[in-house]
Amino acid sequence: MNTIDAKLLARMFLAGAKKLEVKKEWINELNVFPVPDGDTGTNMTLTIMSAVKEVNNLEDVQMTSLAKAISSGSLRGARGNSGVILSQLLRGFTKGIRDLEELDAVALARAVDKGVETAYKAVMKPKEGTILTVARGVADKALELAEDAEDLQTFLEDVLEEGRRVLAKTPDMLPVLKEAGVVDSGGQGLMVVLEGAFDAFMGKEVDLTFDGGESAKVVKITPQAEADIKFGYCTEFIIVLNKEFTAEDEVDFKAYLSSLGDSIVCVADDEVVKIHVHTNDPGLAIQRALTYGSLSRIKIDNMREEHQEKLIKDAEKIAAQQAEEAAKAPKKEVGFISVSIGEGFGQIFRDLGVDYLIEGGQTMNPSTEDMLNAISKVNAEHIFILPNNKNIILAANQAKALTKDKDIIVIPTKTVPQGITAVINYVPEKSVEDNEKDMTEEITRVKTGQITYAVRDTHIDDKEIHEGDIMGIGDHGMLAVGKEVAAVAKETVEQMVDDETELISIYYGEGFTEEEAEKLAGELEEQYDYCDVEVNCGGQPIYYCIISVE
């Protein structure tokens, strides 16, 4: 077989996406920093799943419709730097194939090269040793072999082998990869997609059922909220008695249920007993109940899931209210959209006049589609977007490129404290252009340290890190490692503070109380008596506290 038609290409694309979905957690673990939010595999998977949905909706698979589905779906679903780059690789590739009926080696090579060219243009400062390098290696090899390729199988095998070779060399191009002992996670993700596609080309039987490809809800049940739900299962049933249920039996059964959980109701009459209990082991309650008779109307609900659903519904309600308020508001000259990572930070942004919040950030990067939805809900001529994460800036810029009816200004904020500083430095009396310049300049004065825990052993920035260690991560690398949150936070601040520092801000999140934050602030005030130190609730997951120095 020396050509690929639209139907085979569609199957190859779906097989590549499926292999990526299966391997996403493994790819996540390749992230250099051993933080609990490694997300390259997740971002690439969610990006490609958006395209999978479009492809699966095609009634008649032709090259033109297939190209449009892959391009449009991945473009709008793109998340994180790796996801945006993947979407651009696919976008360029589909431009190269959309007018063809079949693809031979030459057509494939040119389309792959077009994809690489498109992706490189999308990244302001391309860095070698990344997914881009792997893609370039694949494209160069394809162009080299295409003209003389005698059969497509050998051609594709040789191109894949070159991709693997380049991927293996990425640690030599990026010292941080070599120190951590990993290859580039984005490059690995790309190779997984290509290998899955090759499996389908070879006729390998591939399960093309997907989990759905929908992004996980950003609002998640927090560890603290889960802890508040001590017993997870609301258990109800009726015992149809086959013997007398005495007052003593009732006392004994209630005592037994009390050993299993709480919220106990036990109501008995001559024939039946109605039971209600919150417990972590419904089976034990049911087992004991069966000694008194048969059971009916058994109902067991997972209260943690219900709580999760409530949080999601509450968040959706807030988002709907935001949208409704935005729609009712008269059109204004300037609006603001900010990515936020916790209720505390969200409230700060709202108090500063931000029109629309996108919940997301580090633990779940918003997609280009999320950005476009937010833009549609802000009734303003000019809209400033604050990504507040270096992994979201590309998606914001992609949304800007897709928006034609409003002027979008992306301020390249890489942390939430930078976003706060950007909004604070907006001056209504100044022009949009002057504000963009001033805000962009002011965020460079903000240093950010984020305190979290390690999920695996590694070595990075000359620091030996073990699973469970507390880490202080700065703007450009690892600043501190230790066993105590407060101690690591102080060492992190020490690495950031200089003679020009005026303000230290502590934003406490899950796992770090207000009291602990106030105590830390007091110690920092003593150590840096020339600085103001303030404490705010961030409410962010994953990171015990986020500290800014400016």
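The structure reproduced in this document is the subject of the present report.

Each value, and the rule that gives it
Residues numbered from 1 in each chain as written. Predicted model: local features only at pLDDT ≥ 70, side-chain atom pairs only at ≥ 80, totals over all residues. Heavy atoms only, no water. Helix = DSSP H or I, 4+ residues; strand = E, 2+ residues; numbered from the N terminus. Contact = heavy atoms within 4.5 Å. Patch = residues over 30% accessible without salt bridge, like charges linked within 9 Å, V, L, I, M, F, W, Y side chains within 5 Å. Areas by Shrake-Rupley, 256 points an atom, 1.4 Å probe, with all protein chains shown as cover. Salt bridge = Lys/Arg side-chain N within 4 Å of Asp/Glu carboxyl O. Lys, Arg positive; Asp, Glu negative; His and termini not counted. Charge placed at Lys NZ, Arg CZ, Asp CG, Glu CD. Pairing = 2+ DSSP bridges. Axes fitted to C-alpha atoms, helices over the stretch in contact; angles between N-to-C directions. Buried < 20%, exposed > 50% of the residue type's maximum accessible area, 1.4 Å probe, protein only. Phe/Tyr/Trp six-rings, centres within 6.5 Å; stacked < 30°, edge-to-face > 60°. Lys NZ or Arg CZ within 6 Å of the ring centre and 35° of its normal.

Within the secondary structure, R288 sits in helix α12 (residues 282-289). If we skip the residues at most four places from it in the chain, R288 touches F253 and Y256.

Before going further, it helps to examine a positive patch on the surface. On the surface, K125, K127, K390 and K414 cluster together into a patch of positive charge. Mapping K125 onto the fold places it in the loop between α5 (105-122) and α6 (131-146).

Our focus in this paragraph is the sheet that holds strand β7 (residues 332-340). Sheet architecture is open: 4 strands sit in the order β8-β7-β9-β10, paired in parallel fashion. Of all the strands in the sheet, just β8 (356-359) and β10 (407-410) have a single pairing partner and so form its edges. Mean inter-strand twist for the sheet, computed between neighbouring axes without regard to direction, equals 20°. Sheet analysis places β7 next to β8, joined by 4 bridges and oriented parallel. By the bridge assignment, V339 is partnered in β8 with I358. Running over the sheet, helix α14 (residues 343-351) touches β7, β8 and β9 (380-386) and is turned about 170° from β7.

Turning our eyes to something else, we now look at the sheet that holds strand β16 (residues 503-508). Pairing is mixed across the open sheet formed by 6 strands, whose spatial order is β15-β14-β11-β18-β16-β17. The open sheet terminates on both sides in strands that have one partner only, identified here as β15 (477-482) and β17 (532-537). Shown here is a sheet whose adjacent strand axes are inclined to one another by a mean of 20°, direction ignored. In this structure, strand β11 (residues 447-453) lies alongside strand β14 (residues 470-474), joined through 4 bridges in antiparallel fashion.

Here we come to the side chain of S74. Tracing the sequence through the fold places S74 in helix α3 (residues 63-77). Filtering out sequence-adjacent residues up to four positions away, S74 remains in contact with T47, A51, S87 and L90.

What follows is about a nonpolar patch on the surface. The grouping of Y233, I298 and I300 at the surface amounts to a nonpolar patch, some 250 Å² of accessible area in total. As for its placement among the helices and strands, I300 is situated in strand β6 (residues 293-302).

Turning our attention to unusual backbone geometry. The phi dihedral of N388 falls on the positive side, at around 60°, and the residue is not glycine. Looking at the element boundaries, N388 is found in the loop between β9 and α16 (393-402). Classification of N388 as buried rests on a relative accessible area of 5%. One non-glycine residue with positive phi stands out, namely I542, at about 70°. Its location among the elements puts I542 in the loop between β17 and β18 (545-549). Residue I542 is classed as partly exposed on the basis of its relative accessible area of 21%.

Glancing now at the packing of aromatic side chains. The full count for this structure, using the stated rule, is 9 aromatic pairs. On the basis of an interplanar angle of 15° and a centroid distance of 5.2 Å, the ring pair of F336 and F384 is categorised as stacked. Of this pair, F336 sits in strand β7 while F384 sits in strand β9; the two residues are 48 residues apart in sequence, bridging distant segments of the chain. You'll find F336 and F384 in the same group, each marked buried. Ring geometry for F336 and Y426: centres 5.1 Å apart, planes at 80°, overall edge-to-face. Of the two residues, F336 is situated in strand β7 and Y426 in the loop between α17 (416-424) and α18 (432-443); the sequence distance between them amounts to 90 residues. Accessibility classification places F336 together with Y426 in one group, the buried group. An aromatic cluster is present here, built from F245, F253 and Y292 joined pairwise through their rings. Sitting over the ring of W26, K23 keeps its end group 5.2 Å from the ring centre.

This brings us to the pairing of strand β4 (residues 261-268). Pairing of β4 with strand β5 (residues 272-279), which is carried by 6 bridges, proceeds in the antiparallel orientation. What sits directly across from D262, in β5, is H278.

Looking at where I504 falls in the secondary structure, it is placed in strand β16. Taking relative accessible area as the criterion, I504 reaches 0% and is therefore assigned buried. In sequence terms I504 and V535 are 31 residues apart; their C-alpha atoms lie 8.8 Å from each other. With near-sequence residues (within four places) excluded, I504 lies in contact with V493, V497, L524, Y528, C531, D532, V533, E534, I547, S548 and V549.

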